[in-house]
Amino acid sequence: MPQTTAPRQTLTATTTDTLRQRILLGEWPAGTQLRQEALSKELGVSRVPLREALRQLEAEGLVAITERRGAVIAQLSLPEVLELLRVRVLLECDMLLEAVPRQTQADLDAAGALLAQFEEALRRRDVGAWGILNSRFHLALYQAADRPQTLALIEQLHNRTDRYTRMQILLTNFSDRAHREHSEMLELCRRKDAVSAAAFLRQHILNAEEALEAWHQEHQGENGRGARKPA
């Protein structure tokens with residue numbers, strides 16, 4: 001494929017978006033080495049915007065860059081995932097408290113449409129879409145707070161924990177519960193009950209933490225019998 005001559009800034013942003021989506025869709029498992037020469041040819045970009053895109057993804061916690069292996073898909077330990085979920089609790093509950101009184105009908109309708117897409121993805125067992133739609137639903141509820149810097153931080157936290165969100169839903173049979181809890185949270189927003197919505201959101205995230213931790217503890221004891229730890 002011939003390499004494009006678009007401005008470097010545009011190329012870097014486009015390359016970053018493309019790689020981010022492929023990572024979030026689970027195309028590369030954690031620990032996978034991203035070979036720059038092959039990606040450069042596949043995406044039709046030079047090494048410079050590709051390197052800048054990888055550095056941006058490193059800053060977002062999706063990629064780790066080392067001298068020995070270059071860029072690899074980042075891998076988190078269970079304690080690191082649980083810590084990020086606790087940070088999500090702090091930021092997201094604060095955002096929702098501020099957003100609910102300002103949410104318009106259009107905001108709520110947009111969140112409802114994303115919830116319907118999420119339900120359909122669960123029904124189809126479209127695992128790759130689960131984390132992305134979960135994140136978009138949450139972000140839609142916080143948008144009205146009009147705090148773009150905090151929203152960007154929350155989006156990065158969702159991106160970093162995306163594969164664990166998908167794993168949690170898939171391995172812990174959490175899909176029905178996730179949809180029920182999302183529906184209840186949206187209903188509390190429709191009622192303009194910000195305090196109850198934030199309290200419910202806190203428990204919703206902690207439920208995900210507990211499910212992941214319980215699954216890990218259950219299967220850690222099976223490692224001697226050949227069970228795999230979550231990536």
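Note that this is a predicted model, so its numbers are computed, not measured.

## Brief notes about the pattern of salt bridges
All told, the structure shown has 15 salt bridges when counted by the stated rule. Glu98 serves as the salt-bridge partner of Arg147, at 2.9 Å between the closest nitrogen and oxygen. Remark: Glu98 occurs in helix α4 (residues 78-99) and Arg147 occurs in the loop between α6 (127-142) and α7 (148-171); sequence separation between them is 49 residues. One connected set of salt bridges, linked through shared partners, spans Asp94, Glu98, Arg102 and Arg147.

## A few points about the sheet that holds strand β3 (residues 70-73)
As summarised here, the arrangement of the 3 strands in space is β1-β3-β2, forming an open sheet in which the pairing is antiparallel. Two strands in the sheet have a free side with no partner beyond their single neighbour: β1 (33-34) and β2 (63-66). Taken together, the 2 bridges between β1 and β3 define a ladder with antiparallel strand orientation. Within β3, the position partnered with Leu34 by the bridge is Ala71. Strand contacts of helix α3 (residues 47-59): β1, β2 and β3, with the helix running at about 115 degrees to β2, the strand carrying the most contacts.

## Things to note about the nonpolar core
In terms of nonpolar packing, the biggest core is built from 45 residues, with Leu96, Phe118, Phe137, Leu141 and Tyr142 touching the most fellow members. Secondary-structure elements contributing two or more residues to this core are α4, α5 (105-124), α6, α7, α8 (175-190) and α9 (194-220). The leading source of residues in this core is α4, at 9 residues. Leu24, Leu39, Leu54 and Ile132 belong to the second largest nonpolar core, which has 17 residues in total.

## As for the packing of α4 against α6
The interhelical angle for the contact between α4 and α6, taken along N-to-C directions, is 45 degrees, at an axis separation of 8 Å. Judged by the inter-axis angle, α4 sits oblique to α6. Where α4 approaches α6, its residues Arg88, Glu92, Met95, Leu96 and Ala99 are matched on the opposing element by His138, Leu141 and Tyr142.

## Thoughts on the environment of Ala30
With respect to the helices, strands and loops of the structure, Ala30 is situated in the loop between α1 (8-24) and β1. For the pair Ala30 and Ala74, spaced 44 residues apart in the sequence, the C-alpha separation amounts to 5.7 Å. Once residues within four sequence positions are removed from consideration, Ala30 is found in contact with Ile73, Ala74, Gln75 and Arg163.

## Quick look at the packing of α6 against α8
Contact pair α6 / α8: the axes reach a minimum separation of 12 Å and the direction vectors enclose 15 degrees. Classified by the angle between their axes, α6 and α8 sit roughly parallel to one another. For α6 against α8, the interelement crossing comes out left-handed. Contact with α6, carried on its side by Asn134, Phe137, His138 and Leu141, involves His182, Met185, Leu186 and Cys189 of α8 and no other residues of that element. Considered class by class, the residues forming the contact of α6 with α8 number 5 nonpolar, 3 polar and no charged.

## Structural notes on the side chain of Thr15
Turning to its location among the elements, Thr15 is positioned in helix α1. The exposure class of Thr15 is buried, given its relative accessible area of 3%. Once you skip the residues sitting within four places of it in the chain, Thr15 turns out to touch Leu43, Val45, Leu50 and Ala53.

What counts as what
- Residues numbered from 1 in each chain as written.
- Predicted model: local features only at pLDDT ≥ 70, side-chain atom pairs only at ≥ 80, totals over all residues.
- Heavy atoms only, no water.
- Salt bridge = Lys/Arg side-chain N within 4 Å of Asp/Glu carboxyl O.
- Helix = DSSP H or I, 4+ residues; strand = E, 2+ residues; numbered from the N terminus.
- Pairing = 2+ DSSP bridges.
- Contact = heavy atoms within 4.5 Å.
- Axes fitted to C-alpha atoms, helices over the stretch in contact; angles between N-to-C directions.
- Core = buried A, V, L, I, M, F, W, Y, C linked by side-chain atoms within 4.5 Å.
- Buried < 20%, exposed > 50% of the residue type's maximum accessible area, 1.4 Å probe, protein only.
- Parallel < 35°, antiparallel > 145°, perpendicular 65-115°, else oblique.
- Left-handed = near helix turned anticlockwise from the far one by under 90°.
- Nonpolar A, V, L, I, M, F, W, Y, C, P; charged D, E, K, R; others polar.

Without other data, these values stay purely geometric and don't point to any function.
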